[in-house]
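Residue strings, one per chain:
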Amino acid sequence: MPDPSQSVAPAGWSPESWKGRPCAQPIAYSDADALDEAVRSLSLLPPLVTSWEIERLREELAQAESGGRFILQGGDCAETFDDCRPELIANKLKILLQMSLVIVHGLKKPVTRIGRFAGQYAKPRSSMVETRSGPGGVPVTLPSYFGDLINRAAFTPEARRLDPALMIKGHEHAAMTLNFIRSLVEGGFADFHHPEYWNLDFLRHGGLPGDVRADYERTAREMVDGLRFMEALGERAVDQLTRVEFFTSHEGLNLHYEAAQTRTVPRRSGWYDLSTHLPWIGDRTRAVDGAHVEHFRGVRNPVGVKIGPSATVGDVEGLWTALNPRNERGRLVFISRMGASRVRDSLPPLVEAMARRKASVVWICDPMHGNGTVLADGLKTRSFGAILEELEATCGIFERAGVPLGGVHFELTGEDVAECVGGAAGVREEDLRRHYASPCDPRLNYRQSLEMAFLISRRLGRRE
Ligand code: PEP
Ligand code: CO
């Protein structure tokens, strides 16, 4: 329960106050009437999540902050409306669930699953416009594609127009996604105690060193045995185990969308962003005096901030002061994304500065966004080796600082795509062109994700 003595909103804050601040990724709709109409409709629609779910996530994040729980956050770089399909959603839940079970087994602590889903429709871009060669080689410049919440991917003036009505469509698609997720969870879809469900064959043939392979196989066997044992104990135990919870998260990039769903609720003080459980602020929009920090300082939700290699000690201290002035546990989540080559220099001073101040913050490692590379033909990829290297270096940094690493954040899919190279399944550069489905950043595929979970479990389980 929130502290009833707290003020309803921080001084100077309102759901509109962000409009007076500089915005690093402005969504400049040209039709003001259409924008007003969309925002008004959106503000009348039912919320996607509830305040009590948000409060529960805050409690779980507080546990992760003190090392008693681990957070697994993952999903697509960008969801699209076309991908709002039952099999894709179910496969995403399946991989997150399987990864979480592997981590529970290794770390011997509860895991909270947070999907990058049911609203991950808006993308920051490094350039506001995109130029391509048009008819007769004449260059054509149009707005960049900012995700289905804002405009459409096709390179035509009509598709690239920033369309406020897409916010309503975004809300509808998020609601459909969440409705299906809630039904699957309610129906106990998680039939993971059948070993054939685990698709672990690739580990056997993947050219792994013998001891690593033996470890994987033993873990998988122990988990299946453990689940069978639970089943033998009676339905209640299995039911509790299989009825797992998924929280939602997305980058709160489009503040028109977020503000229209930021509301007060009966019998609680404070404002809630009811579009998602955990909104996060991207690395490009985390300026302390910027619009995004202004908006999210006013909500009760836990708030994530991506912390890239340009972040200084002053930046993280400023973010902590602005977003967590009462130093509440489970309120502020820093998601570090430094890159394997920079993490050893960039991250320790930030972690140490926060620890010195006894700042309440949950640290999560995103080893994806600092490790992008672009191939000669322009295709974006990431290497499994670099992702793992950043993760391992991050674990070492937190161990040396005596601060718990609260969780991990991945771009992943439950599908058999080839977007990141490497891993036991041996995805090669030449495979990428055949199975590349992401409209945005490259994701770990099903096998790479599961392998990553085993590696996390080995690395972090070692000292528990
Ligand atoms: C993302 O998470 O997809 C993203 C754009 O991240 P970042 O803000 O860390 O670059
Ligand atoms: Co991304």
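Below: a short report on this structure. Everything numeric in this text was worked out from a predicted model, so none of it was measured. (Residues numbered from 1 in each chain as written. Chains lettered and ligands numbered in written order. Predicted model: local features only at pLDDT ≥ 70, side-chain atom pairs only at ≥ 80, totals over all residues. Heavy atoms only, no water.)

### As for unusual backbone geometry
Next, step 1: Even without being glycine, alanine 118 reaches a positive phi, approximately 60°.
Next, step 2: Examined against the element boundaries, alanine 118 turns out to sit in the loop between strand 2 (111-116) and strand 3 (129-133).
Next, step 3: For asparagine 327, which is not a glycine, the phi torsion comes out positive at approximately 50°.
Next, step 4: Positionally, asparagine 327 belongs in the loop between helix 11 (313-323) and strand 10 (332-336).
Next, step 5: Take asparagine 327: its relative accessible area is 28%, and that puts it in the partly exposed class. (Helix = DSSP H or I, 4+ residues; strand = E, 2+ residues; numbered from the N terminus. Buried < 20%, exposed > 50% of the residue type's maximum accessible area, 1.4 Å probe, protein only.)

### Examining the site of ligand 1
Next, step 1: Taken together, the neighbourhood of ligand 1 is formed by Cys77, Arg116, Lys123, Pro124, Trp280, Gly282, Asp283, Arg284, Lys306, Arg337, His369 and Glu411.
Next, step 2: A distance of 2.9 Å separates an oxygen atom of ligand 1 from a polar atom in the side chain of arginine 116.
Next, step 3: Within the side chain of arginine 337, a nitrogen or oxygen atom sits 2.6 Å from an oxygen atom of ligand 1.
Next, step 4: With the chains in place, 98% of the 300 Å² that ligand 1 exposes on its own is no longer accessible.
Next, step 5: Partitioning the shell around ligand 1 into residue classes produces 3 nonpolar, 2 polar and 7 charged. (Near = heavy atom within 4 Å. Polar contact = N/O pair within 3.5 Å; in protein donor to acceptor, adjacent residues only side chain to side chain. Areas by Shrake-Rupley, 256 points an atom, 1.4 Å probe, with all protein chains shown as cover. Nonpolar A, V, L, I, M, F, W, Y, C, P; charged D, E, K, R; others polar.)

### As for the sheet that holds strand 5 (residues 246-251)
Next, step 1: Taking strand neighbours around the barrel as the criterion, the 8 strands line up as 1-2-5-8-9-10-11-14 in a closed arrangement whose pairing is parallel. Across the sheet, the mean angle separating the axes of adjacent strands is 25° when strand polarity is ignored. (Pairing = 2+ DSSP bridges. Axes fitted to C-alpha atoms, helices over the stretch in contact; angles between N-to-C directions.)

### Some words on the coordination of the cobalt ion (ligand 2)
Next, step 1: Bound to the cobalt ion (ligand 2) on the protein side are Cys77 (SG), His369 (NE2), Glu411 (OE) and Asp441 (OD), at distances that span 2.1 to 2.4 Å.
Next, step 2: Linear spacing of the donor residues for the cobalt ion (ligand 2) on their chain is C-x291-H-x41-E-x29-D. Separated by 72 residues along the polypeptide, histidine 369 in the loop between strand 11 (362-365) and strand 12 (372-374) and aspartate 441 in the loop between helix 14 (429-432) and helix 15 (446-461) bring together distant segments of the chain.
Next, step 3: Given a relative accessible area of 12%, aspartate 441 falls into the buried group. (Donors = N, O, S within 2.8 Å, 3.2 Å for Na, K, Ca; no water.)

### Concerning the packing of aromatic side chains
Next, step 1: Applying the stated criterion across every chain, the model contains 5 aromatic pairs.
Next, step 2: A ring pair is formed by phenylalanine 334 and tryptophan 363, whose centres lie 5.4 Å apart and whose planes are at 65°; its orientation type is edge-to-face. With a gap of 29 residues between them, phenylalanine 334 in strand 10 and tryptophan 363 in strand 11 connect regions that are remote in the sequence.
Next, step 3: Residue classification places phenylalanine 334 among the buried positions, given a relative accessible area of 0%.
Next, step 4: Judged by relative accessible area, tryptophan 363 falls into the buried class, the value being 3%.
Next, step 5: Each member of the aromatic cluster is reached from another via a ring pair, and the members are Phe334, Trp363 and Phe398.
Next, step 6: Arginine 113 extends its terminal NZ or CZ atom over the ring of phenylalanine 246, reaching a point 5.9 Å from the ring centre. (Phe/Tyr/Trp six-rings, centres within 6.5 Å; stacked < 30°, edge-to-face > 60°. Lys NZ or Arg CZ within 6 Å of the ring centre and 35° of its normal.)

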